[in-house]
Amino acid sequence: MTHWIIAPVVLPALLAPFIVLAARYHIGIQRVFSVAGVLSLIAIAAGLAWQASDGTIILYQLSDWAAPFGIVLVGDRLSTLMILLTAVLALFVILYAIGSGWDKRGWHFHALFQFQLMGIMGAFLTGDVFNLFVFFEVLLIASYGLMIHGGGNLRLRAGVQYVLFNLLGSTLFLFALGAIYAETGTLNMADLAQRVALIDPAESVGIRIASVMLLLVFAIKAAVVPLHFWLPSSYAEAPAPVAALFAIMTKVGAYAIIRVYTMVFAPDLDVTAGLHGLWLLPAALVSLALGMIGVLAARKLDRLVAFAVIGSMGMVMISISLFTQAGIAAALYYIVHSTLAAAALFLISDLVRAGRAHLNLTAAPPVSGAALTAALFFVAAIAMTGLPPLSGFIGKLMILDAAFGTPLAVWTWAIILSASLISVVGFARAGSVLFWKASAEPLPEEEGQLPVPRPSILSYSAVGGLLALLILHTVFAGPAYRYADATAKQLFDPVPYISKVLGTPGKLSTPKEGH
Amino acid sequence: MELLVASAIGILTAAGIYLVLRLRSFPVIIGMSLLTYAVNVFLFASGRLTVGAPPILGDAATYTDPLPQALVLTAIVISFGMTAVVVMIALGAYLGADDDHVDDQAPPEADLKAEDAT
């Protein structure tokens, strides 16, 4: 049993208290440890992804207790892909936070950041639903701290809504877990997959309710309409690097839906048949439409990006809710793309803020260095709206292709295509107001005002790095899609996963009678 | 006993949801804690209700399912911590803005600009 798979959880968990205790007053040391931690996370995640890429399922039994009784961590293609994505995103976000000085505007940015990473990594790796809840809480409690980092009334107010909404989500999660436990007597995902299949369809009321409640919880995390309304304020008011990191948090919801609803409540299962197929696809279509209309209607750049996130989650959910191998593969390709694109856009909106007094989409006098920011915004907007040649376009093609021939194909095609058009108009409007109309405005008269600080080179290179990754994701679309397709194939054949988790011996693997 | 526990969970949940739908932060927080009580009792009941039996696999003829008890312990700790966090943030928002409305009140345009400048 290799111990590497627990390292993505343990390393940030040890690093965060170390940063708080030992390097409390030394921002330089905090930065060094934080970046070093994230770099080693990338190395570990890459190693795990390489190990899992041939279809191996990596199992880790904590304290050697066997699966249905003990806690297990499981790494297959999907989870190692997600932790690698998280680690890479975290590197650019932390570089931006250092470059822009965001980490100095309040206490404990780096420690909270590491705790956040621990929660996200754990949520991707865990093999049972109760630990999924626990890691959700870990990542949420760190995100509460990060969300109000730097203070300010609007941010605190948005923070209250964000915390309350997520608390409601957690309560619903616990209700769902209680109902699942009452019906099946287990919370291990592999064990659940076996036991749910054995439930008599005539006695399926409890498990059907539990399945829908669980789906609602994940839909809250993934910001699917009508459960999206916590997102715009909280993402827009959060500090930009934090919002960029949050780009992966909506994907945790998408990941949980993929994991649980391909393995435990598989689409062809009689007991829970016809529960989510009915409304998940329409809800995803409405999310896409509403997100893109929000892009068009937004009056501030950060709100615009937040609505673009809702729209892109709608796109991911459309593809997931097909529950076919092609659909999941397209969703995985699009998840990687939209995480990077949304993070880049949040960081760019902070670059824009550095030069202007506000983020309102009104013309303002030109500032120095706007050309580079404008170029970055242009590339990121092309990626986000899904125009050729970047990966958004390829991902969209894959989703359209996956939706072809399904009963709602006409609606899906119509909404995806018109939403893309709307988002192109929205981003073009924002870009032209922010960057082109600027030169039509007169320069400010008075010379007495302070010179606007230019963002540092590190900030630009962090954003540039994210965009370079997007371009790589486009250039290597073939291998990336083949990997996503192999992942989807593994998801739809859960037998090796289940037998690996339940078949590996450990303590209590053969419980004796009378003990 | 089943009726008692079930109606307790139901009443706690209903009261919690009612309070959560209020507009001011204090009732909302009380509503949240009622909801977490409800969910804790619900989890406790999810392993079937047994009276007077130990939650340990041992020599006793009957025993209570120990797992929900472990789940409830974790859930209690987490919900307690979360409630503390939300109280702190709500207090901060109240002291900063001098009003404890939970929803977005449309801020005056001047405020918006001042906030962006920071």
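Within any chain, residue numbers begin from 1 and follow the written order of that chain's sequence. Naming scheme: in the order in which they are written, chains are lettered from A and ligands are numbered from 1. For a predicted model such as this one, the threshold for reporting local features is a pLDDT of at least 70, and the threshold for listing and counting side-chain atom pairs is 80 or more; totals across whole chains, interfaces and linings nevertheless cover every residue. Excluded from the side-chain calculations are hydrogens and water; all other atoms, namely the structure's heavy atoms, are used.

Now for the interface of chain A and chain B. Size of an interface, as often reported, equals the accessible area lost when the parts are brought together. Any two residues having at least one pair of non-hydrogen atoms within 4.5 Å are treated as being in contact. Counting residues at the interface gives 35 residues for chain A and 42 residues for chain B. Between chain A and chain B, roughly 3,500 Å² of surface is buried when both sides are summed, and carbon and sulfur atoms account for 71% of that area. It is Arg157, Phe175 and Tyr181 of chain A in chain A that bury the most area against chain B; as a group they hold 19% of the surface buried on that side. One side-chain nitrogen of Lys or Arg within 4 Å of one carboxyl oxygen of Asp or Glu is enough to make a salt bridge. Inspection of the region where chain A meets chain B yields zero salt bridges. Two N or O atoms count as a polar contact when they lie within 3.5 Å, although within protein this holds only if one can serve as hydrogen donor and the other as acceptor, and sequence-adjacent residues are included solely when both atoms are side-chain atoms. Here chain A is connected to chain B by three residue pairs in polar contact (both at pLDDT 80 or more). Only runs of H or I of at least four residues qualify as helices and only runs of E of at least two qualify as strands under DSSP, and these elements are numbered from the N terminus. Looking at the side of chain A that touches chain B, the elements with two or more residues in it are helix 5 (129-147) and helix 6 (153-184) of chain A. Ranked by the residues each element gives to the side of chain A that touches chain B, the list is headed by helix 6 of chain A, at 18 residues. The term buried area denotes the loss of accessible surface (1.4 Å probe radius) that occurs when two parts are joined, taken as the sum for both partners.

In this section: the pairing of strand 2 (residues 72-75) of chain A. Residue and element names in this part refer to chain A. Covered by surrounding structure in strand 2 are Val72 and Val74 together with Leu73 and Gly75, the residues of both alternating faces. Here, strands pair whenever DSSP counts at least two bridges between them. Both strand 1 (residues 58-61) and strand 2 contribute to a ladder of four bridges, which runs antiparallel. Opposite Ile58, over in strand 2, you have Gly75 as the bridge partner. A simple rule labels every residue: compare its accessible area, found with a 1.4 Å probe on the protein chains alone, to the largest value its type can have, and call it buried under 20%, exposed over 50%, or partly exposed in between.

On to the nonpolar core. Across soluble globular proteins, you tend to see nonpolar side chains buried next to one another. We call a set of buried Ala, Val, Leu, Ile, Met, Phe, Trp, Tyr and Cys residues a nonpolar core when their side-chain atoms join them within 4.5 Å. Core analysis: the biggest nonpolar cluster contains 220 residues, and Phe218 and Ile320 of chain A have the highest contact counts within it. Beyond its immediate stretch of four places on either side in the chain, Ile320 of chain A contacts Ala254, Ile257, Ile258, Ile328 and Ala331 of chain A.

What follows concerns the pattern of salt bridges. All names here are of chain A. The final tally for this structure, using the stated rule, is five salt bridges over all chains. Two residues, Arg31 and Asp103, come together in a salt bridge whose shortest N-O distance is 2.8 Å. Taken together, the positions of Arg31 in helix 2 (residues 27-52) and Asp103 in the loop between helix 3 (77-100) and helix 4 (109-125) put the pair 72 residues apart, joining distant regions of the chain. Since its relative accessible area comes to 19%, Arg31 is described here as buried. With its nearest N and O atoms 3.9 Å apart, the salt bridge here joins Arg353 to Asp350. Taken together, the residues Arg353 and Asp350, both in helix 14 (residues 325-355) and three residues apart, mark about one turn of the helix. Linked through salt bridges whose partners overlap, the residues forming this network are Asp302, Asp350 and Arg353.

Moving on, we come to the side chain of Lys396 of chain A. All names here are of chain A. Considering the arrangement of structural elements, one finds Lys396 in helix 16 (residues 391-403). As a buried residue without a salt bridge, Lys396 has its nearest oppositely charged side chain in Asp401, at a separation of 15 Å. When neighbours within four sequence positions are excluded, Lys396 is seen to be in contact with Met315, Tyr334, Thr385, Gly386, Ile416 and Ser420. In this count, Lys and Arg are taken as positive residues and Asp and Glu as negative ones, while His and the chain termini are left out.

All names here are of chain A. For the pair helix 16 and helix 17 (residues 409-436), the least separation of the axes is 9 Å and the interaxial angle reads 165°. The pairing of helix 16 with helix 17 is recorded here as roughly antiparallel in orientation. Here helix 16 and helix 17 pass one another in a crossing that is left-handed. Contact residues: helix 16 offers Lys396, Ile399, Leu400 and Ala403, while helix 17 offers Ala409, Thr412, Trp413, Ile416, Leu417 and Ser420. Its residues placed into classes, the contact of helix 16 with helix 17 shows seven nonpolar, two polar and one charged. The axes are straight lines fitted to the C-alpha atoms, using for helices just the contacting stretch, and the angles between their N-to-C directions are given from 0 to 180°. Each angle is binned into one of four classes, with values under 35 degrees roughly parallel, values over 145 roughly antiparallel, values of 65 to 115 roughly perpendicular, and all other values oblique. Each crossing gets its hand from how the near helix is turned against the far one by less than a right angle, where anticlockwise is left-handed and clockwise is right-handed. Three residue categories are used. Nonpolar comprises Ala, Val, Leu, Ile, Met, Phe, Trp, Tyr, Cys and Pro, charged comprises Asp, Glu, Lys and Arg, and polar comprises the others, including Gly.

With that settled, the discussion passes to helix 18 (residues 457-475) of chain A. Residues and elements named next belong to chain A. With 19 residues, helix 18 extends 26 Å from end C-alpha to end C-alpha; this agrees with the ideal 27 Å at 1.5 Å per step. Every buried residue of helix 18 is accounted for by Ser459, Tyr460, Ala462, Val463, Gly465, Leu466, Leu467, Leu470, His473 and Thr474. Here the buried face of helix 18 lies against helix 3, helix 14, helix 15 (370-385), helix 16 and helix 19 (477-491). One less than the number of residues in a helix, times 1.5 Å, gives the span that helix is expected to have.

With glycine set apart, most residues show a phi of negative sign, and most peptide bonds adopt trans. Here Val225 of chain A and Pro226 of chain A are connected by a cis peptide whose omega angle stands at 5°. Residue Pro389 of chain A is reached from Pro388 of chain A by a cis peptide bond, and omega for that bond is 10°. Along the chain, Pro389 of chain A falls in the loop between helix 15 and helix 16. Even without glycine at this site, Phe323 of chain A takes up a positive phi of about 50°. Its place among the elements puts Phe323 of chain A in the loop between helix 13 (301-320) and helix 14. Of note, Arg48 of chain B is a non-glycine position whose phi angle comes to about 70°, a positive value. Looking at the element boundaries, Arg48 of chain B is found in the loop between helix 2 (25-45) and helix 3 (66-97). For Arg48 of chain B, a relative accessible area of 52% gives the class exposed.

Before going further, it helps to examine the confidence of the model for chain A. Per residue, pLDDT captures the predictor's confidence, and it can take any value from 0 to 100. Confidence in the prediction of chain A, expressed as mean pLDDT, is 87, and 94% of residues score 70 or more. Between the elements of chain A, mean pLDDT differs from a low of 86, seen in helix 9 (residues 231-237) of chain A, to a high of 93, seen in helix 4 of chain A.

This part is about helix 4 of chain A. With 17 residues, helix 4 of chain A extends 24 Å between its outermost C-alpha atoms, agreeing within 8% with the 24 Å of an ideal straight helix rising 1.5 Å per residue. Taken across its 17 residues, helix 4 of chain A has 15 buried, putting it largely inside the fold.

Here we come to the packing of aromatic side chains. Residues and elements named next belong to chain A. What counts as a ring pair is set by centres within 6.5 Å for rings of Phe, Tyr and Trp (its six-membered ring), and what kind of pair is set by the plane angle: stacked under 30 degrees, edge-to-face over 60, tilted for all other angles. On inspection of all chains with the given rule, the structure shows 21 aromatic pairs over all chains. Ring centres of Phe173 and Phe218 lie 5.7 Å apart, and the angle between their planes is 85°; this geometry places the pair in the edge-to-face category. Within this pair, whereas Phe173 is found in helix 6, its partner Phe218 is found in helix 8 (residues 205-221), the two being separated by 45 residues in sequence. For the pair shown, Phe173 and Phe218 are each scored as buried.

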